[in-house]
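Breakdown of the fold
One-letter residues, chain by chain:
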Amino acid sequence: SYHQLDADLYMLRGLGVNSYRFSISWSRIFPTGQGTPNDKGVDYYNRLIDGLLASNISPMVTLYHFDLPQALQDLGGWENDAVINAFNDYADFCFRTFGDRVKFWMTFHQPYTIATAGYGTGIHPPAVKDPGYAPYRIGHNLLRAHARVYHTYDDNYRGNQQGVISLSLNTNWVEPKDRTDPKDIEAADRYLQFTLGWFAHPIFINGDYPEAMKWQVANKSELQGLLSSRLPTFTDEEKTYIQGTADVFCINIYTTKIVQQKIVSLHPPSFSSDIDIVERFDDSWPTTAFYDVYRAVAWGMRRLLNWVKEEYGDVPIYVTESGLSMDSNPDFDDIARIEYYKTYIDEALKAHSLDSVNLKGYCAWSLMDTFEWEQGYRLRFGLHHVDFNNPNRPRTAKRTAIYYTEVIRNNGILQSR
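Just so we're clear, the structure is a prediction, and the values are computed from it rather than from any experiment.

**Comments concerning the side chain of threonine 171**
Mapped onto the secondary structure, threonine 171 falls in the loop between strand 4 (164-170) and strand 5 (173-176). For threonine 171, the side chain forms a polar contact with the side chain of threonine 195, separated by 2.7 Å. For threonine 171, the contacting residues outside a window of four places in its chain are Tyr191, Leu192, Thr195, Leu196, Ile251, Asn252 and Leu304.

**With respect to the sheet that holds strand 6 (residues 249-252)**
Read from one edge of the open sheet, seven strands run 1-2-3-4-6-9-10, paired in parallel fashion. Two strands in the sheet have a free side with no partner beyond their single neighbour: strand 1 (19-23) and strand 10 (359-362). Between one strand axis and the next, the sheet turns through 25° on average, direction left out of account. By the bridge criterion, four bridges tie strand 6 to strand 9 (residues 317-321) in an arrangement that is parallel. The partner of isoleucine 251 across the bridge, within strand 9, is valine 319.

**A closer look at the layout of surface pockets**
The rolling of a water-molecule-sized probe over the atoms marks out the regions of remaining empty space. In this structure, the second largest pocket encloses a volume near 1,000 Å³. Every residue lining the second largest pocket is counted, 39 residues in all, and those nearest its centre are Tyr112, Thr113, Asn170, Val293 and Tyr294. Of all elements in the fold, only helix 6 (111-119), helix 9 (182-206) and strand 8 (277-280) reach the threshold of two or more residues within the lining of the second largest pocket. In terms of residue count, helix 6 provides more of the lining of the second largest pocket than any other element does, four residues in total. Of the residues belonging to the lining of the second largest pocket, the class tally is 18 nonpolar, 15 polar and six charged.

**Comments concerning the packing of helix 5 (residues 81-98) against helix 7 (residues 134-156)**
Where helix 5 contacts helix 7, the axes come no closer than 9 Å and their chain directions differ by 30°. The handedness of the crossing between helix 5 and helix 7 comes out as right-handed. Seen from helix 5, the contacting residues are Asp81, Ile84, Asn85, Phe87, Asn88, Ala91, Asp92 and Phe95; seen from helix 7, they are Asn141, Arg144, Ala145, Arg148, Val149, Thr152, Tyr153 and Asn156. When its residues are assigned to classes, the contact of helix 5 with helix 7 shows seven nonpolar, five polar and four charged.

**Some words on the sheet that holds strand 8**
Pairing in this open sheet of three strands is mixed, and the strands run 5-7-8 from one edge to the other. Strands at the two margins of the open sheet, each flanked by one partner only, are strand 5 and strand 8. Going from strand to strand, the sheet's axes swing by 35° on average, the running direction of each strand aside. Both strand 5 and strand 7 (residues 256-261) contribute to a ladder of four bridges, which runs parallel.

**Points about the confidence of the model for the protein chain**
When pLDDT is averaged along the protein chain, the result is 96, and 99% of the positions lie at 70 or above. Mean pLDDT per element in the protein chain: strand 8 is the minimum at 95, and strand 3 (residues 104-109) is the maximum at 99.

**Observations regarding the nonpolar core**
Formed by 128 residues in total, the largest nonpolar core has its most connected members in Trp26, Trp78, Phe87, Phe98, Trp105, Phe249 and Leu305. Top contributing element to this core by residue count: helix 9, with eleven residues. Filtering out sequence-adjacent residues up to four positions away, leucine 305 remains in contact with Ile253, Ile317, Val319, Ala348, Ala351, Val357 and Leu359. Listed in part, the seven residues of the second largest apolar core include Phe104, Val248, Cys250 and Cys363.

**Some details on unusual backbone geometry**
Omega for the peptide link from proline 125 to proline 126 comes to 10°, which places this bond in the cis form. Tracing the chain through its elements places proline 126 in the loop between helix 6 and helix 7. Omega for the bond connecting tryptophan 365 with serine 366 falls within 30 degrees of zero, at 10°, which places this linkage in the cis form. Secondary-structure assignment places serine 366 in the loop between strand 10 and strand 11 (384-386). Phi is positive for phenylalanine 66, close to 80°, though the residue is something other than glycine. As for its position among the elements, phenylalanine 66 is in the loop between strand 2 (58-64) and helix 4 (70-73). One non-glycine residue, glutamine 162, lies in the positive phi region at around 60°. Along the chain, the position of glutamine 162 falls in the loop between helix 8 (158-161) and strand 4. With relative accessibility at 58%, the residue glutamine 162 sits in the exposed group.

Definitions and limits used
Residues numbered from 1 in each chain as written. Predicted model: local features only at pLDDT ≥ 70, side-chain atom pairs only at ≥ 80, totals over all residues. Heavy atoms only, no water. Helix = DSSP H or I, 4+ residues; strand = E, 2+ residues; numbered from the N terminus. Polar contact = N/O pair within 3.5 Å; in protein donor to acceptor, adjacent residues only side chain to side chain. Contact = heavy atoms within 4.5 Å. Pairing = 2+ DSSP bridges. Axes fitted to C-alpha atoms, helices over the stretch in contact; angles between N-to-C directions. 1 Å grid on protein atoms, 1.4 Å probe; cavity = no way out; pocket = protein on both sides within 12 Å on 5 of 7 lines; lining within 4 Å. Points joined across faces, edges and corners; volume = space filled by probe spheres on them. Nonpolar A, V, L, I, M, F, W, Y, C, P; charged D, E, K, R; others polar. Left-handed = near helix turned anticlockwise from the far one by under 90°. pLDDT = per-residue confidence, 0-100. Core = buried A, V, L, I, M, F, W, Y, C linked by side-chain atoms within 4.5 Å. Buried < 20%, exposed > 50% of the residue type's maximum accessible area, 1.4 Å probe, protein only.

Take a look at the structure:
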């Protein structure tokens, strides 16, 4: 994208979208995480934002999408409060520099993934494998960092800029294996509390973690012979500071799972075993290129949106990511992806029109094939194909791009007569 700005804008205009969600790379603005800004990076984002607005496309900007500047990781990363301060300074610069034109901000992309994949399983940078302790410490600091940035915007910029600020959360919808078994029903709710509620409950409810999560981790910690819970605690002052620090609810929705109550071994401690569940898919659900992680289960979209409404109230909701991965190359005739968007958007519309969910927007993932972290370039989510073997990275519209354009032009899915 850095070298193909005009092509990006051309693709977006071709789709007919009225918004574009992208992330600012912290390292591109501050190569060492702080200090003197990089003029070339600032110029790039100014040109992107101006180009979007000239095309009548509203920018939706995420400040942090997994990429911490290495110099800050060398200081201890999100374990170090100095990094929270640096993140606030970086965010303040972005508000000051771009906020006259950007009216929709997200602090973090999937803090659950940052904490668990970066510091639990270690499959994401910084590749820390400390599943019983580090994810909870990191999640704690991410909430503190988010609240700090929210208040910086609220106190210093909202009055003049009139924007909104939130963060982009993620979870899967889960169904209890036995809908008549209270233990399985509790297990499903516990999964949602540990994944989505971990960050949503403090922000949208009371400044603190969900009770189910606090009890579960404390109980496991006691059984493991620890003197205190592995889940950190907030002071009363911190709870007040964190509560209410989001103007809208942003959520990424991909798949559905089936969960069942199961008491998991105490040793070694792990955030995943703390939930005391076993999860699986229904074999009849359509597979994707991400076989063991995602299945295409559209009705889960509607149920999850309704759960958010029931749990957190009538808050405005934006689906900030949703899409299907394929690994054929090229995958121009991507009928399965069209089926995904057709059914998922239909379920989102049902939640809005039939269930009165306050759904305000939907973002497809993604505009083009891109780098998918530990999966590299194998997984292809794009509406546009990218030839990564060509140094010019040419882009070509897939059949899904044509379909998605029709959905936007019709402001929904036309029903057959």
